[in-house]
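Listed below, chain by chain, are the residues.
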Amino acid sequence: MALTNFADTVAVITGGASGIGLATAKALHAKGAHVVLADSNSRGLQQAEEQVRQSTTEAQGKVVSMTTDVTNEQQVQALMQKAVETFGRLDLVVASAGIGRGGSIDEFTAFEMQTMMNINFMGIYHCVRAALPTMRQQQAGHFVFLSSVAGKLGVAFLTGYCASKWAVRGFSSALRVELYGTGIDVTTVYPAWVETPMVHQEKMEHLNVRAMLTADQVAAEILQAVRENRRDLTLAPNPDIALLLEIMKSDPDKAEQLAGEAFRRQMAQLSAQQSK
Ligand SMILES: NC(=O)c1ccc[n+]([C@@H]2O[C@H](COP(=O)([O-])OP(=O)(O)OC[C@H]3O[C@@H](n4cnc5c(N)ncnc54)[C@H](O)[C@@H]3O)[C@@H](O)[C@H]2O)c1
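Residues numbered from 1 in each chain as written. Predicted model: local features only at pLDDT ≥ 70, side-chain atom pairs only at ≥ 80, totals over all residues.

This part covers the site of the ligand. Taken together, 31 residues are adjacent to the ligand, and Gly15, Ser18, Gly19, Gly98 and Thr196 come closest. Listed by contribution, the elements that provide at least two residues to the shell around the ligand are helix 1 (19–30) and helix 4 (110–138). Here the element with the most residues in the shell around the ligand is helix 1; it accounts for three residues. When its residues are assigned to classes, the shell around the ligand shows 13 nonpolar, 16 polar and two charged. (Near = placed C-beta within 6 Å. Helix = DSSP H or I, 4+ residues; strand = E, 2+ residues; numbered from the N terminus. Nonpolar A, V, L, I, M, F, W, Y, C, P; charged D, E, K, R; others polar.)

With six of six residues buried, strand 5 (residues 141–146) lies mostly within the body of the structure. Residues of strand 5 alternate between two faces, with Gly141, Phe143 and Phe145 on one and His142, Val144 and Leu146 on the opposite face, all of them buried. As judged from the four bridges shared by strand 4 (residues 92–95) and strand 5, these two strands associate in the parallel manner. When the sheet's bridge partners are listed, valine 93 is paired in strand 5 with phenylalanine 143. Here strand 5 pairs with strand 6 (residues 184–191) via six bridges, running parallel. Across the sheet, residue histidine 142 finds its bridge partner in strand 6, namely aspartate 185. What joins strand 5 to strand 6 is helix 5 (residues 159–178), and the crossover it makes is right-handed. (Buried ≥ 20, exposed ≤ 12 C-beta atoms within 10 Å, placed from the backbone. Pairing = 2+ DSSP bridges. Right-handed = clockwise from strand over helix to strand, strands pointing away.)

Attention now goes to the domain arrangement of the protein chain. You can read the domains of the protein chain as domain 1 (10–237) and domain 2 (239–276). The C-alpha-based centres of domain 1 and domain 2 are spaced at 28 Å. Domain 1 puts nine residues into the contact, and the matching count from domain 2 is 10 residues. By residue class, the composition of the side of domain 1 that touches domain 2 is five nonpolar, three polar and one charged. (Domains from an automatic or database assignment. Contact = placed C-beta atoms within 7 Å.)

Looking now at helix 5. Here helix 5 spans 28 Å end to end across 20 residues, near enough to the 28 Å set by a 1.5 Å rise per residue. Those residues of helix 5 not exposed but buried are Gly160, Tyr161, Cys162, Ser164, Lys165, Val168, Ser172 and Leu175. Its buried side turned inward, helix 5 meets helix 4, strand 5 and strand 6. (Expected span 1.5 Å × (residues − 1).)

Within the secondary structure, serine 18 is located in the loop between strand 1 (10–14) and helix 1. Spatially, the C-alpha atoms of serine 18 and phenylalanine 111 are 24 Å apart, while their sequence positions differ by 93 residues. Sequence-distant contacts of serine 18, defined by excluding residues within four places in its chain, comprise Gly44, Thr196 and Pro197.

So, about the nonpolar core. Judged by nonpolar contacts, the single largest core of 75 residues is most densely connected at Ala11, Val12, Val35, Leu37 and Ala95. For this core, the element with the highest residue contribution is helix 4, accounting for nine residues. There are two domains that each give this core at least three residues, and those are domain 1 (10–237) and domain 2 (239–276). Ignoring anything within four residues of it in the chain, the contact list for leucine 37 reads Ile13, Gly16, Ala25, Leu45, Ala48, Glu49, Val52, Val63 and Ser65. (Core = buried A, V, L, I, M, F, W, Y, C linked by C-beta atoms within 7 Å.)

Position of histidine 34 relative to the elements: it lies in strand 2 (residues 34–39). For the pair histidine 34 and threonine 134, spaced 100 residues apart in sequence, the C-alpha separation works out to 17 Å. Those residues in contact with histidine 34 that lie beyond four places of it in its chain are Val10, Gly61, Lys62 and Phe87.

Next up on the list: unusual backbone geometry. Despite not being glycine, glutamine 139 has its phi angle at roughly 55°, a positive value. Structurally, glutamine 139 is set in the loop between helix 4 and strand 5. A positive phi angle is found at asparagine 229, which is not glycine, with a value near 50°. With respect to the secondary-structure elements, asparagine 229 resides in the loop between helix 6 (215–227) and strand 9 (232–235).

Across the sheet, which stays open at both edges, the seven strands sit in the order 3-2-1-4-5-6-9 with parallel pairing between neighbours. Strands at the two margins of the open sheet, each flanked by one partner only, are strand 3 (63–67) and strand 9. Here the average twist between neighbouring strands, direction ignored, is 15°. Both strand 1 and strand 4 contribute to a ladder of four bridges, which runs parallel. Within the sheet, the bridge partner assigned to valine 12 lies in strand 4 and is valine 93. Running over the sheet, helix 5 touches strand 5 and strand 6 and is turned about 155° from strand 6. Lying on the sheet, helix 6 is in contact with strand 4, strand 5, strand 6 and strand 9; it crosses strand 9 at an angle near 155°. (Axes fitted to C-alpha atoms, helices over the stretch in contact; angles between N-to-C directions.)

This is how it looks when you write it as structure tokens:
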């Protein structure tokens, strides 16, 4: 059954110290939800907890936080346990913890690839395993997983990120099939570039980052997608990305060819500039 009213519901949000996770926490809190914030960045988490609390004065829900590394199975188990012990149930898990790193495959090490998969994919798997027993008992619950348009497209210099986000997409699809009829639902979110700290870190050059979404917009769309129990929330205001997504649906060969040609042109321009 769709979660149409967030008042008095219990939401766990990973990656809650920043960006989309923090914005979603604020939006849920404003609608009366009890919010459990989780992040590996303890200092950021403390500040985020305060920000969420102060974001809406009339909000009824409580806010708690717990430092959690989503790659650590025991810590994620403890997180879900804390939510249930504190509030007695678990209605919504928003898995937003993630990292983005760009770079050529020639320089993308095995360690970087494993770290990417561990945080972006295994983090979500741990959340599901830890929250599912409670949701099964309740015969109700909703997961929101942050994938990316990079979970539907191939993007040069984002091989690791794409792999992790396609993994989230495949996992979501299989999980929806397996949980069909149990009252437990899954929404997978596929945004294009969003204006958050993630898009301002190193190694993002050559990626044509043009953020046309804010974290608050994504958060509002997430709440609406949960209310409507949508399986897929794709947010791609960038015309070039929207076009590629459309072509990808009917002709993946063509989409890869067009993206590959554009990438080669970009690299050629860059090397021409550097040789001047
Ligand atoms: N910003 C974008 O352009 C964009 C686009 C599409 C998808 N996404 C996805 O949305 C999600 C949120 O990204 P964001 O833009 O808000 O980034 P962000 O960097 O603002 O927030 C990510 C948060 O995850 C936390 N985190 C990282 N590793 C962790 C770990 N091991 N355990 C717990 N927390 C950890 C960070 O400390 C940070 O607070 C990510 O999964 C990202 O891949 C972002």
